[in-house]
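# Report on the structure
Chain by chain, the residues run as shown.
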Amino acid sequence: KEIRQRSTNKARREKNNSNVVIKRKIAHNEVECRRKLKITKCITQLANIVEPSCHCGKETRVNILQKVLDRIQHLEKSNQKIRENLKQYSSESETVLQQQLALVLVDHLGLVLSFLKQQRKSEEVNTA
């Protein structure tokens, strides 16, 4: 009896283990399928962003990703050029502002000097 019970328990465990393995495989396949669908959706969105009007042929994922990388590199270069131009414009406008400030200061200095000269003349007239 004990030997039959052991073999029956062993058979049940093996059956339960095979059921567990099958359930795990099914769950894994479902998760993998959802993952692949998400990846496909993202790649489709990238393709629409990079070339929205071109749906003439079936592009491979690698081609789409390469186009996305090329586009990103192009945008990075463009941004770098824009930053350099802004920096140059910024330094040029800073120089212009410094020159304008210097002219204003010279004008004010001229006004102060002429005021001081008038003060000195009026003091000379009063003392004489």
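All values derive from a computational prediction rather than experimental measurement.

## Quick notes on the overall build of the chain
Across its full length, the chain carries two helices and zero strands. When the 128 residues of the chain are sorted by exposure, 2% land in the buried category. Put simply, the chain shows about 12200 Å² of open surface, and 58% of that area lies on carbon and sulfur atoms.

## What about the pattern of salt bridges?
Across all of its chains, the model carries two salt bridges by this definition. With a closest N to O distance of 2.4 Å, arginine 35 and glutamate 32 form a salt bridge. Of this pair, arginine 35 and glutamate 32 both sit in helix H1 (residues 2-50), three residues apart, which is roughly one turn of that helix. Residue arginine 35 is classed as partly exposed on the basis of its relative accessible area, which comes to 41%. Between lysine 67 and glutamate 59 there is a salt bridge, and its shortest N-O distance comes to 3.3 Å. Residue classification places glutamate 59 among the partly exposed positions, given a relative accessible area of 34%.

## Quick word on a nonpolar patch on the surface
Nonpolar side chains collect at one region of the surface, where Leu109, Val112, Leu113, Phe115 and Leu116 lie side by side and expose about 480 Å² of accessible area between them. Structurally, leucine 113 can be placed in helix H2 (residues 61-127). The partly exposed category is assigned to leucine 113, whose relative accessible area is 45%.

The rules behind the values
Residues numbered from 1 in each chain as written. Predicted model: local features only at pLDDT ≥ 70, side-chain atom pairs only at ≥ 80, totals over all residues. Heavy atoms only, no water. Helix = DSSP H or I, 4+ residues; strand = E, 2+ residues; numbered from the N terminus. Buried < 20%, exposed > 50% of the residue type's maximum accessible area, 1.4 Å probe, protein only. Areas by Shrake-Rupley, 256 points an atom, 1.4 Å probe, with all protein chains shown as cover. Salt bridge = Lys/Arg side-chain N within 4 Å of Asp/Glu carboxyl O. Patch = residues over 30% accessible without salt bridge, like charges linked within 9 Å, V, L, I, M, F, W, Y side chains within 5 Å.

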